[in-house]
Amino acid sequence: MGLRGRFLSVAVGWFALLTVVLVAVPLALRNRLPEPMASHWGPSGAPDGSMPFAVLLALQVGIWVLIGGGACAGALRDSWVLRRRASRMGLGALLCGGGLFLVGLQLVTLSANLDVPTWSGAASLSWGALLVVAVMLLGGWLGALAARPGPDESPRSSGTATETIPLRPGQRTVWVSSVRNGWVSGIGGSLLAAGAGFAAVALLNGNDALWPHSVIMIVTGLLALTFSSARVQITEDCLRISYGPLRRPRKHIPIERVQRAWSEERSPWEVGGWGIRGMPGAATVMLRSGECLVVGYVSGGRFTISIDDAEHGAALLNTLVARAPTSTGSS
Amino acid sequence: MLLTLDLNDLRPLHEQVAEAIRRAVAEGSYALGDRLPPARDLAEALGINANTVLRALRDLRDEGVLEFRRGRGVSVLSRPDPRSVIEEKLRALLSEAGQYGYRHDDVIELIREIS
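Residues numbered from 1 in each chain as written. Chains lettered and ligands numbered in written order. Predicted model: local features only at pLDDT ≥ 70, side-chain atom pairs only at ≥ 80, totals over all residues. Heavy atoms only, no water.

**Notes on the domain arrangement of chain B**
Residue and element names in this part refer to chain B.
No. 1: Assigned domains within chain B: domain 1 (8–79) and domain 2 (81–115).
No. 2: Taking only C-alpha atoms, the centre of domain 1 and the centre of domain 2 are 25 Å apart.
No. 3: Each partner contributes residues to the interface: domain 1 has six residues there, and domain 2 has six residues.
No. 4: Taken over both partners, the interface formed by domain 1 and domain 2 buries close to 510 Å², and the fraction arising from carbon and sulfur atoms is 54%.
No. 5: The tally of links between domain 1 and domain 2 comes to zero salt bridges.
No. 6: Applying the counting rule to domain 1 against domain 2 returns zero residue pairs in polar contact (both at pLDDT 80 or more).
No. 7: Here the side of domain 1 that touches domain 2 is composed, by residue class, of one nonpolar, no polar and five charged. (Domains from an automatic or database assignment. Contact = heavy atoms within 4.5 Å. Buried area = accessible area lost by both parts, 1.4 Å probe. Salt bridge = Lys/Arg side-chain N within 4 Å of Asp/Glu carboxyl O. Polar contact = N/O pair within 3.5 Å; in protein donor to acceptor, adjacent residues only side chain to side chain. Nonpolar A, V, L, I, M, F, W, Y, C, P; charged D, E, K, R; others polar.)

Below you can see the structure in the form of structure tokens.
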């Protein structure tokens, strides 16, 4: 059986097992649970929200179907996903960590609701919530570890040195490009507006309970807006990247740090989603699928950004890199 | 978008910028309807004033090459006339030839010889 078959059979088996647990355990305990059940706990640890048994069950199974189905669809959609170690480990972490998180959440919820007459009498959740998060992190790590063995092939890449740009003395040649994800900026803008609305209501009515919601929405909205667009400039001495409508934060890569550059077709499935992925030294800025500019550092790391007209950018960068030793020698 | 400015060119800067953008669009790095990078970033990379770039963009809009849309920025409306691209290149060639002492007739003669 190939890698794809193995991964899918393990993923489907795991998915089925957890689905059975998520459905069977609450049904077995049904007679000992209140109707409705406590489903949400406040910061004090006391229950502050309830849901009918059937809705809570459907919600938990529904989220698991989304996670499991999404991971399997992601693995099937592009044959490169499973052949790259990083994306395989990402899927393993999502399936294992996400599944254990949901099972843990369900067990904690059930045990708090067990043998109480009404939902408001449910037990406190304080330590249980922490335990669930710990189990999720551990599960994510184990899932990534389990998916680690196997090939690590590089994605399709032009890889070869692109054409060079003729540079003449007395001329200034630059490359400028931009990318924007309309969905992300739309969501960011809406979140920001909703957060500001909540803040206005909280301020006018003196309703302090709305502040946390407002702050979370404003912060998430600002983050989404900031990383919904990017612009890249290549000038004589450096490569500059700026994010968002405010052009902050900015990233600055001196030409001396660049070994070579090329363009590559990448999709969010290959790098683990949209946004900024990976670690410093191997980061990917993925705002849309398609053409990406890849910059290989002298130090061995690389930086990838999805951007229009990447081919010309790579060509100019390679030309500047090739020219750099003589220009630094003469200056 | 790859842009080249000739630092010895004596023509107004906005004309040179318009020529550079026209050439980049003609070379096909942007398809019809594609959005151009913001003027502010073009200006910053070229080390010139943003108003100069805006003037060049407006000239190209009047030529029918670019389209300005509210909230959508500047996008490519049509490919520039190939003749205007060749003309710009010839003008640059003639000015460079002039620096070496070649007259226009000399250049025409040279073109005949090599073609």
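Once the structure has been displayed, the description carries forward.
**Overview of the interface of chain A and chain B**
Interfaces are often sized by the accessible area lost when the parts come together.
No. 1: The interface is formed by 21 residues belonging to chain A together with 22 residues belonging to chain B.
No. 2: Counting the surface chain A buries against chain B, the share from its top three residues, Arg 172, Val 176 and Arg 247 of chain A, is 33%.
No. 3: Here chain A is connected to chain B by four salt bridges.
No. 4: Notably, a salt bridge pairs Arg 231 of chain A with Asp 41 of chain B, separated by 3.5 Å at the nearest N-O pair.

**Observations concerning the sheet that holds strand E11 (residues 302–306) of chain A**
Residues and elements named next belong to chain A.
No. 1: The five strands lie next to each other as E7-E10-E11-E9-E8, forming an open sheet whose pairing is mixed. Single-partner strands in this sheet number two, and they are strand E7 (258–266) and strand E8 (275–277). Between one strand axis and the next, the sheet turns by 20° as a mean value, whatever way the strands run. (Pairing = 2+ DSSP bridges. Helix = DSSP H or I, 4+ residues; strand = E, 2+ residues; numbered from the N terminus. Axes fitted to C-alpha atoms, helices over the stretch in contact; angles between N-to-C directions.)

**Some points on the domain arrangement of chain A**
No. 1: Segmentation of chain A into domains returns domain 1 (3–147), domain 2 (156–169 + 231–331) and domain 3 (182–227).
No. 2: Put simply, the middle of domain 1 of chain A and the middle of domain 3 of chain A, counted by C-alpha atoms, are 28 Å apart.

**Quick look at the UniProt feature "domain: DUF1648" (unreviewed entry) in chain A**
No. 1: UniProt records the feature "domain: DUF1648" (unreviewed entry) at residues 17–57 of chain A, using the numbering of this structure.
No. 2: Secondary structure content for residues 17–57 of chain A is 41% helix and 24% strand, while the C-alpha to C-alpha distance between its ends is 16 Å. (UniProt positions renumbered as here; feature names shortened; annotations may be inferred.)

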